[in-house]
Amino acid sequence: MTMTIGLTDDRVNDEKYALYVRWITGLGEGIRTVRLTPRDGNGAMAAGCDGVILTGGGDVDPALYGGNTGDQTVYGVSSARDHFEIDILLACVASETPVLGICRGMQLANVALGGTLIPDLEAAGCRAHRPRGSVKGAVCTHDILLPPGTVFRRHLGVERGRVVSSHHQAVGEIGRGLRVAATSDDGVTEALEGDPPAASAGLLLVQWHPERAESPDEPL
C-alpha cells in the first residue's frame, strides 16, 4: 500500500527540501511525496494526500498575528507562502487529514488558529535555540520535557529527550484548539497538539527538526 505525504515548500532551497524527502521516505516502504508550493499553485493536491508536513523556512508575516511589521529581527517573510500554507492547513483540519508542522510549520499553524508568536527569543531574554556563527553543519541541541497525558508522551513513551533546534521565533499565545505538548527547560513551547486530541484530529506540531536527527532510532 502506498502512502502519499504532501511536503510544503517555497522552492528556494532544494537541498533542504531533499532532506525532508529522504527522512520521510526512509521511515518505511511505500511512502511517496508530493511537493506543494505557492509557486506551483498546487495546494489543492493536499486533498489527495494521506498526510501533510508543513516544513521549516522563513518567518511568518507579523501582520497575521498583530505583531510589529517593522521588527528588524524578522526576516525571510513570504506572504504568498503564508497564505498558501494556511489554506492547506485549514483544509486539512476540516477534512481531518493528519498534519505535522515542523519549526516554521508549527508557528504558521499556531498563527492560523488564532495564536501569536514571540518575534525573537534572544530579544525576549531567552537563550539561543539555533546554531551560533556561520559554520556549515553546525547544530544546536537541547533537552525538552513532555508532560504526562499528551499524545506525544503516550506514543513516544519518553518523558524527556534531546532535539536538534534551529529557530529564533517561538509560539506566544496558543491558538484555539491546541495545547502544549512539550517545553524546553527555559519554558519555550516545543510542541503543540489538539486539545483535546480529537478537537484537531491528527494535528501534531513540533518546534525542533526531526529530519536532522543523527539517529533514525531517536524517538523524537
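You'll find the structure just up there.
The present account deals with the structure reproduced in this document.

Thresholds applied
- Residues numbered from 1 in each chain as written.
- Predicted model: local features only at pLDDT ≥ 70, side-chain atom pairs only at ≥ 80, totals over all residues.
- Heavy atoms only, no water.
- Phe/Tyr/Trp six-rings, centres within 6.5 Å; stacked < 30°, edge-to-face > 60°.
- Helix = DSSP H or I, 4+ residues; strand = E, 2+ residues; numbered from the N terminus.
- Buried < 20%, exposed > 50% of the residue type's maximum accessible area, 1.4 Å probe, protein only.
- Pairing = 2+ DSSP bridges.
- Axes fitted to C-alpha atoms, helices over the stretch in contact; angles between N-to-C directions.
- Contact = heavy atoms within 4.5 Å.

1. Here we look at the packing of aromatic side chains
The full count for this structure, using the stated rule, is one aromatic pair. An angle of 65 degrees between the planes, with centres 6.3 Å apart, marks the rings of F152 and W208 as edge-to-face. Taken together, the residues span a long stretch of sequence, with F152 in helix α4 (residues 151-156) and W208 in the segment after β11 (203-206) at a distance of 56 residues. Residues F152 and W208 agree in their burial class; the two are buried.

2. Quick word on the pairing of strand β6 (residues 140-145)
Here β6 shows a buried face lined by C140, H142 and I144 and an unburied face lined by T141, D143 and L145. The pairing of β6 with strand β7 (residues 160-165) spans six bridges and is antiparallel. Within β7, the residue paired with D143 across the bridge is R162.

3. Structural notes on the sheet that holds β6
Strand order in the open sheet made by the nine strands is β2-β1-β3-β4-β11-β10-β9-β6-β7, with mixed pairing throughout. What marks the edges here is a single partner per strand, and that holds for β2 (31-36) and β7. When the angles between neighbouring strand axes are averaged without regard to direction, this sheet yields 25 degrees. Of the pairings in the sheet, the one linking β6 to strand β9 (residues 178-184) comprises two bridges and is antiparallel in character. If you follow L145 over to β9, its bridge partner there is T183. Strands in contact with helix α2 (residues 79-95) are β1 (3-8), β2, β3 (51-54), β4 (99-102) and β11; relative to β3, the strand with the most contacts, it is inclined by about 150 degrees.

Function cannot be read off these values alone, since they describe shape.
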